[in-house]
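Structural features, examined
So you can see what is in the structure, the chains are spelled out below.
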There are 2 protein chains.
Amino acid sequence: MKLAEAKAEFIQAWGTLGSSWGINRTMSQIHALLIVSPKPMSAEEIMDELKISRGNANMNIRALMDWNLVKKQLIPGERKEYFSAGKDIVEVARQIAKERKRREIDPILEVMESLKKVEGTDQETEDFKKVITELGDFTQKVESTLDKFIRSDKNWFYKTAIKLMS
Amino acid sequence: MKLAEAKAEFIQAWGTLGSSWGINRTMSQIHALLIVSPKPMSAEEIMDELKISRGNANMNIRALMDWNLVKKQLIPGERKEYFSAGKDIVEVARQIAKERKRREIDPILEVMESLKKVEGTDQETEDFKKVITELGDFTQKVESTLDKFIRSDKNWFYKTAIKLMS
DNA sequence: CTTATCTTTCAGAAATAATTGAAAGTTTAG
DNA sequence: CTAAACTTTCAATTATTTCTGAAAGATAAG
């Protein structure tokens, strides 16, 4: 398999994975493209490579910057803006975990918390509270573990994962 | 807040969370509804509660059964089929982890593996292989940790999470 | 200031996903 | 067997998300 072919396949696979986890396909693809690109790319180059429109490229590049997954690189003497993605996978995973936690887990935790305030002492209400409380506790634990991961040093994950598997 | 209201809000929140993680909103809502229902429900009752069509209800109930999140309950003397969801949250999370791993992580691991076979020894190819290998290794670690979680006893997660946080 | 280069915006178009509802299929009771 | 009760299927519709491309907005060079 040729390099160009492998890259294309990687970009494709990454886009599919992203979209099955609720992330826009193009956004994942641009991210993948920048991860495997040896040098920063301009919007134009990204458009050409992925065969997408200017608007689409611009919008998703900005989303990736919002997620702190892509950085703008200003090349001296160049008018255009160039973009690059971090290639340290653990760092990338950490960043994604951080953002999804903030955007999706934190809000639901608040809802769970507020639902514990439901009135009533009958069995059905108690059962409901129990489920909600367990769900909240579980989510808290996941959060805490993610927090640890997010704040940890670069090798923590590998070391810990090995420990957990033993 | 009244119980019925709290349940409705929970169902709504769960649906939203699901859809931002790539799971059909109705599927998540039916799951939530069954989790907080004290007794098994028929398709008819689910349709009424969530104001959805028969076809939609049927399709998503079946999807939930595919995911092993919902079980058919045959009530003696009743013609209708009734459905119930497991209420042990750790068990539910484990089941979801198991299915998503199988459906989405395993396939991408295969792709990663095949991409390592790319030809060439130039710098760009070496860099590509490095990224792909790291990504594969990382995904493997996540997989292994999930496996451990999936196969573990009911309290493993809580105990381990506490340990990791210390 | 004017022009050329580049970026952003956004309304409409296209693509994708979810939903409906009626018809067909099944199962069980009588 | 026949009819009633229930479930499944699926073509058509509706809703949602994504994408396009042209126009407007910046920015810097000349």
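In this text the structure is predicted, and so the values were computed from the model without any measurement. (Residues numbered from 1 in each chain as written. Chains lettered and ligands numbered in written order. Predicted model: local features only at pLDDT ≥ 70, side-chain atom pairs only at ≥ 80, totals over all residues. Heavy atoms only, no water.)

Details of the overall build of chain A
Let me state the cut-off plainly: Comment: elements are numbered from the N terminus, with helices defined as DSSP H or I runs of at least four residues and strands as E runs of at least two. Between the two quantities, the radius of gyration covers C-alpha atoms and the globule rule is 2.2 Å times the number of residues to the power 0.38. Here the term buried applies to any residue with accessible area under 20% of the maximum for its type, exposed to any over 50%, and partly exposed to those in between, with areas from a 1.4 Å probe on protein chains only.
Helices and strands together make up the secondary structure of chain A, namely 7 helices and 3 strands. If you list the helices and strands of chain A from N to C, you get α-α-β-α-α-β-β-α-α-α. At 21 Å, chain A has a C-alpha radius of gyration far larger than the 15 Å of a compact globule built from 166 residues. Each principal axis of the C-alpha atoms in chain A carries an extent, and together these give about 70 × 40 × 35 Å. In chain A, buried positions account for 46% of the 166 residues.

Quick word on the protein's contact with DNA strand D
Convention followed: Think of it this way: one heavy atom of a residue within 4 Å of a molecule or strand is enough to make that residue near it. Contacts described as polar in this section are N or O atom pairs within 3.5 Å, which, within protein, must combine one atom able to donate a hydrogen with one able to accept it, while residues neighboring in sequence count only if both atoms come from side chains. Residues are grouped as follows: Ala, Val, Leu, Ile, Met, Phe, Trp, Tyr, Cys and Pro are nonpolar; Asp, Glu, Lys and Arg are charged; all remaining types, including Gly, are polar.
By nearness alone, 15 residues border DNA strand D, and A:Thr26, A:Ser53, A:Arg79, B:Asn58 and B:Glu81 come closest of all. When atoms of DNA strand D within 4 Å of the protein are sorted by moiety, sugar and phosphate together comprise 67%. A distance of 3.3 Å separates a phosphate oxygen of DNA strand D from a polar atom in the side chain of A:Asn24. In the model, a phosphate oxygen of DNA strand D is placed 3.2 Å from a nitrogen or oxygen of the B:Arg62 side chain. Put simply, the parts of the chain that give the surface near DNA strand D at least two residues each are helix H4 (54-66) of chain A together with helix H4 (54-66) of chain B. The dominant element in the surface near DNA strand D, judged by the number of residues it contributes, is H4(B), at 4 residues. For the surface near DNA strand D, the class distribution of residues is 1 nonpolar, 7 polar and 7 charged.

Remarks on the domain arrangement of chain A
Residue and element names in this part refer to chain A. Formally: Residue ranges labeled as domains rest on an automatic or database domain assignment. We call two residues contacting when some pair of their heavy atoms lies within 4.5 Å. Buried area is a sum: the accessible area each of two parts loses on coming together, probed at 1.4 Å, counted once for each and added.
According to the domain assignment, chain A consists of domain 1 (3-85) and domain 2 (89-165). On a C-alpha basis, the centres of domain 1 and domain 2 stand 30 Å from each other. Listed per partner, the contact involves 8 residues of domain 1 and 6 residues of domain 2. Here domain 1 meets domain 2 over a buried area of about 690 Å², counting both sides, of which 64% is carbon and sulfur. Of all residues in domain 1, Trp67, Asn68 and Leu69 give up the largest surface area on contact with domain 2, accounting jointly for 61% of the area buried on that side.

Some words on the protein's contact with DNA strand C
Around DNA strand C, the structure places 16 residues, and the nearest of them are A:Asn58, A:Glu81, B:Thr26, B:Ser53 and B:Arg79. Each atom of DNA strand C within 4 Å of the protein was assigned to sugar, phosphate or base; sugar and phosphate come to 67%. Within the side chain of A:Arg62, an N or O atom sits 3.1 Å from a phosphate oxygen of DNA strand C. Sorting the residues of the surface near DNA strand C by element identifies H4 of chain A together with H4 of chain B as the ones contributing at least two each. When residues of the surface near DNA strand C are assigned to their parent elements, the largest contribution, 4 residues, is made by H4(A).

Focus on the side chain of B:Glu104
Within the secondary structure, B:Glu104 sits in helix H5 (residues 89-115). Given a relative accessible area of 15%, B:Glu104 falls into the buried group. At 3.2 Å, the side chain of B:Glu104 forms a polar contact with the side chain of A:Trp21. In this view, B:Glu104 contacts A:Leu17, A:Ser20 and A:Trp21; residues no more than four positions away in its chain are not counted.

Things to note about the pairing of strand E3 (residues 81-85) of chain B
All names here are of chain B. Rules: Here, strands pair whenever DSSP counts at least two bridges between them.
Burial within E3 is extensive, with 4 of its 5 residues counted as buried. Examined bridge by bridge, strand E2 (residues 70-74) and E3 share 5 bridges and lie antiparallel to one another. When the sheet's bridge partners are listed, Lys72 is paired in E3 with Phe83. Hairpin connection from E2 to E3: 6 residues lie between these consecutive antiparallel strands, with Gly77 at a positive phi of about 85°.

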